[in-house]
Structure formats: structure tokens, C-alpha cells
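What follows is the residue order along each chain.
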Amino acid sequence: MSDHNRLGVFKTYKLYVGGKFPRSESGRVYEVTDSKGQWLANAPKSSRKDARDAVVAARKAFGGWSGATAYNRGQVLYRVAEMLEGRKEQFVREVAASEGLSKSKAAAVVDAAIDRWVWYAGWTDKIGQIAGGANPVAGPFFNLSTPEPTGVVAVLAPQKSSFLGLVSVIAPVIATGNTAVVIASADAPLPALSLGEVLATSDVPGGVVNILSGVTAEIAAPLAAHQDVNAIDLTGADAALAKELEIAAADNLKRVLRPQPVDADSASDSEDWLASPGTHRLTAFLETKTVWHPTGALGAAGSSY
């Protein structure tokens, strides 16, 4: 059969929750279009129940992921970068269509996203050296501060940077031992949903990253108020929504990362995702544990160390 008589097979995009690919509990979907309004795919429209299921999966995965050695987490994240490299062409197509970029510009964005993932993978066993340390005290004690993951983090991905921005907000959360419930860009969710396919076939345990698509405000509200969510990243929220979510998050004293917007309409597009990310996202969702331990006395003179 000649190619012009062949019917193409359209891809079915699904959520990624607990290492599996469910359709939305509500059965709803919505149309995703490119920058010119052309139909690309139907994406699942997540419900509040999907958000709660994602939190349950993230909490279940937290113990094993946070308890893994930092070196092991780095190896796992590097494996994800390897698999992203192997599927580069797919992500170039999706980013180009989602963001209205030329193929060459989309390729540069995808390369930067893969490099960003590798960069955060390298920080897993180093962040403790800059976020922790030994504290001087007046007495014969060791006083050591060490960083520990906060827990389950809800992440509102950037609305316009569908892949580089997405990687830039997910990777630091899981690199430091947290688990994540991610709300993909409402208008450009396809790269995020495809990332779920990469994570599922990598060494990342199911539930460490959970990816939802749909109306950002509709999914974010129950996550901000959820008592088992420990922190929230408001990058993908506009100023009005960020304020509402911040108030809801205060109920159980969640850690809140609220980037400062350049203008009043958008918080998600104010960041230059191509710039060096620094370490502020790595430390945003870390707690500090301080341990005291007596040093004891040495020698007849009673000197201590």
C-alpha cells in the first residue's frame, strides 16, 4: 500500500501516576493545538480525584526515594538523561509544535533541557556540602547540620516553556530526594506527558514523579489545600492564582516557592530558562536537621577534639 493511502496512527496521551498511565478519572479530554491553532492531540483533563491519587502515589514512593543514597539518585537521574537523548527527535517535534519554534530552535531547547537534567544529576551528592556543615559551639560537642528532603512537592510547570522550563522545575525537586506531583502546561502539555513515558522506562521508581494535565487552577487548588503535600512550586501560576494557592498552602504550613514576576499577569514566563539555574531550586525544598553529639575528653590533660 502506498504511503498516501495509509491512515496515520495518532498517539494517545495519558497521565503518569504511580508509574502507570491512567486516563483521567473523569474521562474528560481537551484539544491541544499548535501555535497556529492546528489540532495536535487530545490530552487528558485531570480531576481533583486524579490530583489526590497522585499525592497518594508520591507519598508511597517518598520513603524509598529519600532513603536512597545521593549517589544512587544521581545515577538514576543520569539514566533519564540518556533516554531523553535517545528520544530527542520526538521531543524536538513536540516542542516545535507546542511553542511555535523552528526545528533548529526547538533542537537547541531540547539539548539545553537534557544538559540541564545532567547538571542536576551531578548535584545530588554535592548539595549537602553547600547546604550543610559543622557549626561552631561553645562546648565539647559536635554540632552538625545536614539537609533532608521536605516530602511531597506539588509543581506547577511553566506555561510557555513546555520542556526546558519543565525539566528545570522537576529535576531539582527529585534530585534532593523529594517526590513530585507535576501539573503540566495547560496549553502545551505534550512534552510533559511524553516525559512520563521516559521516566516509566528508566530507573526512576513509580510515584517519584507524577504528571497531570488539564486546567492548572482546577488541579492546583486541591493540591495547595492537601494536608499530605509538604510544599508547592507556583512557577506556572499567574499572580492572582498564586495568591489564592499561597493562602491555601498556609493551612498546613507548606513551603512555597513563588518566583517574582516581571509583570502582574504572569509568573511563569518571567524566568530566563536558558540562564544558569544556580542552586536556589535545589535548596528551596530542603529541611535542615541539626545533630548534637558529645566529643568526649582525650588524655590526662582533659583535652577534647
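Our subject is the structure listed above.
Residues numbered from 1 in each chain as written. Predicted model: local features only at pLDDT ≥ 70, side-chain atom pairs only at ≥ 80, totals over all residues. Heavy atoms only, no water.

Undergrad: Can you walk me through the overall build of the protein chain in this structure?
TA: Within the protein chain, the secondary structure is distributed over ten helices and ten strands. Its C-alpha atoms give the protein chain a radius of gyration of 21 Å, within 12% of the compact-globule value 19 Å for 305 residues. Within the protein chain, residue pairs in contact and separated by at least 24 positions form 76% of the contacts whose partners lie at least 6 positions apart. Total accessible area on the protein chain stands at roughly 14400 Å², and carbon and sulfur atoms take up 54% of it. One finds the centroid of the 29 positive side-chain charges in the protein chain at a distance of 4 Å from the centroid of its 31 negative side-chain charges. (Helix = DSSP H or I, 4+ residues; strand = E, 2+ residues; numbered from the N terminus. Rg over C-alpha atoms; globule rule 2.2 N^0.38 Å. Contact = heavy atoms within 4.5 Å. Areas by Shrake-Rupley, 256 points an atom, 1.4 Å probe, with all protein chains shown as cover. Lys, Arg positive; Asp, Glu negative; His and termini not counted. Charge placed at Lys NZ, Arg CZ, Asp CG, Glu CD.)

Undergrad: Honestly, the sheet that holds strand β10 (residues 286–294) in this entry has me stumped. Any pointers?
TA: The strands that make up a sheet pair up through hydrogen bonds in the backbone, lying either parallel or antiparallel. Overall, antiparallel pairing links the three strands, which are arranged β3-β4-β10 in an open sheet. The open sheet terminates on both sides in strands that have one partner only, identified here as β3 (133–134) and β10. Pairing of strand β4 (residues 141–149) with β10, which is carried by nine bridges, proceeds in the antiparallel orientation. Across the sheet, residue F142 finds its bridge partner in β10, namely H293. (Pairing = 2+ DSSP bridges.)

Undergrad: Would you take a moment to explain the packing of helix α2 (residues 70–86) against helix α4 (residues 103–123) for this structure?
TA: Describing two packed helices takes the angle between their axes plus the distance from one axis to the other. At a closest axis distance of 8 Å, the pairing of α2 and α4 adopts a crossing angle of 170 degrees. Comparing the axis directions of α2 and α4 gives the class roughly antiparallel. Facing G74, L77, Y78, V80, A81, L84 and E85 of α2, the residues of α4 in contact are I114, W117, V118 and A121. Here the contact of α2 with α4 is composed, by residue class, of nine nonpolar, one polar and one charged. (Axes fitted to C-alpha atoms, helices over the stretch in contact; angles between N-to-C directions. Parallel < 35°, antiparallel > 145°, perpendicular 65-115°, else oblique. Nonpolar A, V, L, I, M, F, W, Y, C, P; charged D, E, K, R; others polar.)

Undergrad: Hey, could you run me through the layout of surface pockets in this one?
TA: The probe, sized like a water molecule, is rolled over the atoms to show the empty space still left. Volume-wise, the second largest pocket comes out at about 190 Å³. Across the lining of the second largest pocket, the residue classes break down as five nonpolar, four polar and four charged. (1 Å grid on protein atoms, 1.4 Å probe; cavity = no way out; pocket = protein on both sides within 12 Å on 5 of 7 lines; lining within 4 Å. Points joined across faces, edges and corners; volume = space filled by probe spheres on them.)

Undergrad: In this structure, what is going on with the pairing of strand β7 (residues 209–212)? I would like to understand it.
TA: Each regular strand shows side chains that alternate between the opposite faces of the sheet. Burial of β7 is two-sided: the residues V209 and I211 facing one way and the residues N210 and L212 facing the other way are all buried. Across four bridges, strand β6 (residues 179–183) lies against β7 in parallel orientation. Pairing of V182 across the sheet is with I211, part of β7. (Buried < 20%, exposed > 50% of the residue type's maximum accessible area, 1.4 Å probe, protein only.)

Undergrad: What's the story with the nonpolar core in this structure? I'm lost.
TA: Counting residues in hydrophobic clusters, the biggest one holds 62 residues, and the most contacted among them are W117, F163, I170, I174, V182, L199 and I211. It is α4 that provides the largest number of residues to this core, a total of ten residues. The contacts of I170, once residues within four sequence positions are left out, are W117, V182, L195 and V209. (Core = buried A, V, L, I, M, F, W, Y, C linked by side-chain atoms within 4.5 Å.)

Undergrad: I tried to follow the packing of aromatic side chains on my own but got confused; where do I start?
TA: The relative placement of two aromatic rings is captured by the distance of their centres and the angle of their planes. Tallied over the entire structure, the rule returns six aromatic pairs. Taken together, a centroid distance of 5.2 Å and an interplanar angle of 35 degrees make the contact between Y16 and F21 tilted. Exposure remark for F21: the relative accessible area of 33% places this residue in the partly exposed category. Summarising the aromatic geometry, the rings of W119 and Y120 are spaced 5.1 Å apart at their centres and angled 80 degrees between planes, so their arrangement reads as edge-to-face. Joined through ring pairs, the aromatic side chains of W119, Y120 and W123 make up one cluster. (Phe/Tyr/Trp six-rings, centres within 6.5 Å; stacked < 30°, edge-to-face > 60°.)

Undergrad: Looking at this model, I keep getting lost on the pattern of salt bridges. Mind explaining?
TA: Under the defined criterion, the tally for this structure stands at 14 salt bridges. Across the salt bridge formed by D125 and K126, the nearest N and O atoms sit 3.1 Å from each other. Exposure remark for D125: the relative accessible area of 34% places this residue in the partly exposed category. Relative accessible area serves as the criterion here: at 39%, K126 is assigned to the partly exposed category. (Salt bridge = Lys/Arg side-chain N within 4 Å of Asp/Glu carboxyl O.)

Undergrad: Honestly, the packing of helix α3 (residues 88–99) against helix α7 (residues 190–200) in this entry has me stumped. Any pointers?
TA: Contact geometry of α3 with α7 gives a least axis separation of 9 Å together with a crossing angle of 160 degrees. Taken as axis vectors, α3 and α7 run roughly antiparallel relative to one another. Relative to α7, the crossing made by α3 is left-handed. Of the residues in α7, those touching α3 at Q90, F91, E94, V95 and S98 are L190, P191, S194, L195, E197 and V198. (Left-handed = near helix turned anticlockwise from the far one by under 90°.)

On their own, these measurements won't tell you what the molecule is for.
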